[in-house]
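Coordinates in review
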Amino acid sequence: MVSFEEARTIILNNVRTVGTERIHLLEATGRVLAEDLAAPCDMPLWDNSAMDGYAVRWQDCISTPCRLRVTGYLPAGAKADGITVDAGCAVRIMTGAPTPAGCDAVVPVEETDDGRQEVTLLEPVKKGQHIRFRGEDVALGAIFVRSGTLIRPPEVNMLAGFGMALVPVFLRPTVAILSTGDELVELGRTPGPGEIVNSNTLSLAAAVKEAGCIPRIIGIACDNRESHLEKLREGLKADVLITSAGVSAGDCDLVRDILEELGAKQMFWKVGIKPGGPTAFAMYGSTPVFSLPGNPVSTMITFDEFVRPALLRMQGHQHVLRPLFKAVLREGLKKKPGKVQIVRVCLEREQGRWLASSAGNQQTAILRTLVDATAVAILPAESTGFAAGDEVDVHYYGNHIEMAPQ
Ligand code: AMP
Ligand code: MG
C-alpha cells in the first residue's frame, strides 16, 4: 500500500503532455499555452489619453484656474498627425485618442468648465497626468505570457490586442473509459434481476470533460478474460485509460492481471485513502492507466484526487490540485488512524468563517451524500478524529455554495 501523497507523487511524476496544436483564440479559453510569447509590438502602440478632456502643455497650467484656447479636437480613432498643442492652447481629446505633439498632460473634462472655444482649468495639473504611454503595459519583445499559463478571458484580451488569432496550446488527451462487471447494463436498458445501470461510465465521461479532456467510451468488459483482453486492448489505444471496478480482491477482479498480461507496468495498487483504497495505477509505455474501484462514490472521489490532477498536468497546467482552505467543524468526526479519510461535507459561511457539517451517511455505497456535498474534508492519515470546533482542510467539490446574507 502507498500513502495518499506517495500515490499522487508517483502519478504526477509519470504523466507528460501529449503534444501541441495551434487553435483560434475563440476556442482557447481553458486551454494551456504551450510556448512563451513575446510582445510583437509595444502595448499601447502610441501615447494616448486615459480620459475624456483636454490635451495641454503642463507648464501653461501650473497655477489654476487658468484659461486656454481650444485649437483642435481628437476623438478616439482620429490621427494626431499635424495636430500640435501650442503654448496657451489646448486640444479637446477623448479617451483612447493619440496625444498630439506638445501635449504632456491631459485634464479630465470634470476638472474644467467644458468650454469649446476656450476652456478654464479648475484644478492643479501634474506633468504626465492621464496619459497612457507607449509600451507602458507591455514593451516590445517582453514575454507577456509564459508556457503553462491557463488561458482565461484576460489572456484572451491581451492576445487579441496583439493581433494573435492563433495560439499554441497543449493537446487535450483522449481518455478511454472502460467499466467492468457482469452486473452492468448500458444507460437506456432496463436492468434485469441482479443488474444495475453502468452509471460510472457516464460520471467519468462527465468528469473527464470537466477536466478539459476528450472522453472515449469503450463500454463494458464482462467478468471474463477474453472480454477484458479485448476491451482493455481497445482502451490502451487512447492517451489515458480509466477502468472502473474489478480491482479489489473479489473472484472476478481481473483488471490488474490482464493489464499486466498486456504489458502494463503496475506502479502501485492500494492507497491509504478511504474511500478508494483498492485504486491501482499502471503505465503502458507512456499511457497512464488508472484502475478505480467500482462503487460510484469511490470512483468519483479517486478520480478527483488522482486522475484529475494527472489530466490537468497532461494538458500543461502548473496548478493541478484543488486549493485547500480551512473550515470549522460543526460536529465531531470519528476516524481510525492509518488512512487519509475523505468526508463529504456541506459548507456554510458564518461570521467570516467557513463551517462544515457532514453531508450525512459516509458509506461508499451512498451516492446521495456526494450529490448533496458542496465540499470534501481531507482528514490526514495520522489523525484519530476531530472534535466540534476543530479546523479541517476542505476543498470545494464543484458545487455552488449558497452564501448566507452577511
Ligand atoms: P467491484 O469493484 O467490481 O467489486 O464493484 C464494487 C461496487 O460497485 C459493486 O456494488 C458494483 O455493482 C458497483 N459498480 C461497479 N461498476 C459500476 C458501474 N460501472 N456503475 C455503477 N456501479 C458500479
Ligand atoms: Mg465487479
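Note that the structure is a prediction, hence the values are computed from the model and not measured.

**A look at the overall build of the protein**
Helix and strand counts for the protein stand at seven helices and 28 strands. Relative to a compact globule of 406 residues, whose C-alpha radius of gyration would be 22 Å, the protein shows 30 Å and is clearly more extended. In terms of its C-alpha atoms, the protein occupies a principal-axis envelope of roughly 95 × 50 × 40 Å. Relative to its full complement of 406 residues, the protein shows a buried share of 47%. Summed over its atoms, the accessible surface of the protein is roughly 19900 Å², and 52% of this surface lies on carbon and sulfur atoms. On the protein, the mean spot of the 41 positive side-chain charges and the mean spot of the 48 negative ones are 2 Å from each other.

**A short note on the site of ligand 1**
What surrounds ligand 1 is a group of 16 residues, the closest being Glu183, Asn198, Asn200, Gly294 and Asn295. Interatomic distance of 2.7 Å between a side-chain N/O atom of Glu183 and an oxygen atom of ligand 1. Relative to its unbound accessible surface of 490 Å², ligand 1 loses 76% to contact with the protein. Put simply, the parts of the chain that give the shell around ligand 1 at least two residues each are strand 13 (174-180), strand 15 (196-197) and helix 3 (199-210). Residues of the shell around ligand 1, tallied by class, amount to five nonpolar, 10 polar and one charged.

**What to know about the sheet that holds strand 18 (residues 265-269)**
Reading across the sheet, the six strands line up as 16-13-17-21-20-18 and stay open at both edges, with mixed pairing between neighbours. Two strands lie at the open edges of the sheet, namely strand 16 (214-221) and strand 18, each paired on one side alone. Adjacent strand axes in the sheet meet at a mean angle of 20°, parallel and antiparallel pairs treated alike. Note that strand 17 (residues 240-244) and strand 21 (residues 287-292) share four bridges and pair parallel.

**Notes on the confidence of the model for the protein**
Atom-level detail of predicted coordinates should not be read off regions where pLDDT is low. Chain-level statistics for the protein give a pLDDT mean of 96 and a share of 98% at 70 or above. The secondary structure element of the protein with the lowest average pLDDT is strand 23 (residues 333-334), at 94, and the one with the highest is strand 17, at 99.

The rules behind the values
- Residues numbered from 1 in each chain as written.
- Chains lettered and ligands numbered in written order.
- Predicted model: local features only at pLDDT ≥ 70, side-chain atom pairs only at ≥ 80, totals over all residues.
- Heavy atoms only, no water.
- Helix = DSSP H or I, 4+ residues; strand = E, 2+ residues; numbered from the N terminus.
- Rg over C-alpha atoms; globule rule 2.2 N^0.38 Å.
- Buried < 20%, exposed > 50% of the residue type's maximum accessible area, 1.4 Å probe, protein only.
- Areas by Shrake-Rupley, 256 points an atom, 1.4 Å probe, with all protein chains shown as cover.
- Lys, Arg positive; Asp, Glu negative; His and termini not counted.
- Charge placed at Lys NZ, Arg CZ, Asp CG, Glu CD.
- Near = heavy atom within 4 Å.
- Polar contact = N/O pair within 3.5 Å; in protein donor to acceptor, adjacent residues only side chain to side chain.
- Nonpolar A, V, L, I, M, F, W, Y, C, P; charged D, E, K, R; others polar.
- Pairing = 2+ DSSP bridges.
- Axes fitted to C-alpha atoms, helices over the stretch in contact; angles between N-to-C directions.
- pLDDT = per-residue confidence, 0-100.

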